[in-house]
Amino acid sequence: MSGLFVAFEGVDRSGKTTQLSLLAERLGEKHEVVVTREPGGTPVAEAIRVLLLADDVNMSARCEALLFAAARADHVERTIRPALERGAVVLSDRFVDSSLAYQGVARGLGVDEVERVNMWATGGVAPDLTIMLDLPTGTSTARDGEVDRMESEGELFQARVRRGLLDLAARDVHRYSVIDASGTIEEVADLVWASIPDEWR
Ligand code: TYD
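Described in the following lines is the structure provided in the data block. The residue numbering used here restarts from 1 in each chain and proceeds along that chain's sequence as written. Residues qualify for local features only when their pLDDT is at least 70, as the model is predicted, and side-chain atom pairs are given and counted only at 80 or more; totals for whole chains, interfaces and linings, by contrast, use all residues. As a rule here, side-chain values come from all non-hydrogen atoms in the structure, and water together with hydrogens is ignored.

## Details of the overall build of the protein chain
Stage number 1. Helix and strand assignments follow DSSP, with helices taken as H or I runs no shorter than four residues and strands as E runs no shorter than two, numbered in order from the N terminus. Counting its secondary structure elements, the protein chain contains 8 helices and 5 strands.
Stage number 2. Starting at the N terminus and walking to the C terminus, you meet the elements of the protein chain as β-α-β-α-α-β-α-α-β-α-α-β-α.
Stage number 3. At 16 Å, the protein chain has a C-alpha radius of gyration in line with the 17 Å of a compact globule built from 201 residues.
Stage number 4. In terms of overall dimensions, the protein chain has C-alpha extents of about 45 × 35 × 30 Å along its principal axes.
Stage number 5. Sorting the 201 residues of the protein chain into buried and exposed places 50% on the buried side.
Stage number 6. A separation of at least 24 residues holds for 79% of the contacts in the protein chain among residues at least 6 apart in sequence.
Stage number 7. Accessible area for the protein chain stands at about 9700 Å²; split by element, carbon and sulfur atoms hold 52% of it.
Stage number 8. Taken together, the 22 basic and 34 acidic charged side chains of the protein chain have centroids lying 3 Å from each other. Radius of gyration: over C-alpha atoms. The globule rule applied is 2.2 Å multiplied by the number of residues raised to the 0.38 power. The buried label applies to any residue whose accessible area, calculated with a 1.4 Å probe on protein chains only, is under 20% of its type's maximum; exposed applies above 50%, and partly exposed to all values in between. Working rule for contacts: check all heavy atoms of both residues, and any pair within 4.5 Å makes them a contact. Note on areas: these come from Shrake-Rupley sampling with a 1.4 Å probe, and a residue is covered only by the protein chains present in the view. Working convention for charge: Lys and Arg count positive, Asp and Glu count negative, and His plus the chain ends are omitted. For charged residues, the charge sits on one atom: NZ in Lys, CZ in Arg, CG in Asp, CD in Glu.

Structure follows, in structure tokens:
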């Protein structure tokens, strides 16, 4: 596949979405850019998202992991893979690492098991680069805004997610860029830009 696949990860409210749209604007001057998100990115995956994030829904951890993976399977097949095949840049707000950290680590299902389910769901399609926007968890939950089902899990859960993401990043330093998200929007955007491979900038 000739495109570039970049995933953004981070604990809730790390400023991912803002940084992703700034990067999309900048890369869009030279390339076709597809901005997408998880759970979501296709009509079916967006419908699964509603179910996953509704605060009045209660489900088992395995059901949750499978629903995230099901949404991802459709997202890869219908949105991500075709875009990469035509040479576009795909910027996804979250991808498999979210499942490894949230369901694998924080929910306790185990990283290896969740990874196995996701390998099947994605057919092995994986980001060329994963940008992790890192913030101490107390800071991130202190920001204002609506709280969905995952966000309402509390600070200990968020701390486990952060630890999980940092461990994944340490496992593969070439594919990850861990960025301190506590700076100004411009400072963080510069660090994000610097992590994009030269040939795409
Ligand atoms: P969203 O509103 O997109 O949050 P954020 O802006 O923090 O990305 O909600 C997605 C939520 O779902 C978020 O709390 C992370 C969680 N999530 C998982 O638990 N597993 C996954 O595989 C994905 C993609 C997201």
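## Here's the deal with the pairing of strand β3 (residues 89-93)
Stage number 1. Across the 5 residues of β3, 5 count as buried, placing the element largely inside the fold.
Stage number 2. Residues Val89, Leu91 and Asp93 line one face of β3 and the alternating positions Val90 and Ser92 line the opposite face, and both faces are buried.
Stage number 3. In this structure, strand β1 (residues 4-10) lies alongside β3, joined through 5 bridges in parallel fashion. Across the sheet, the residue bridging to Phe5 is Val90, located in β3.
Stage number 4. With 5 bridges joining them, strand β2 (residues 33-37) and β3 adopt parallel strand pairing. Bridge pairing links Val34 to Val90 in β3. By the convention used here, strands pair only if DSSP detects at least 2 bridges between them.

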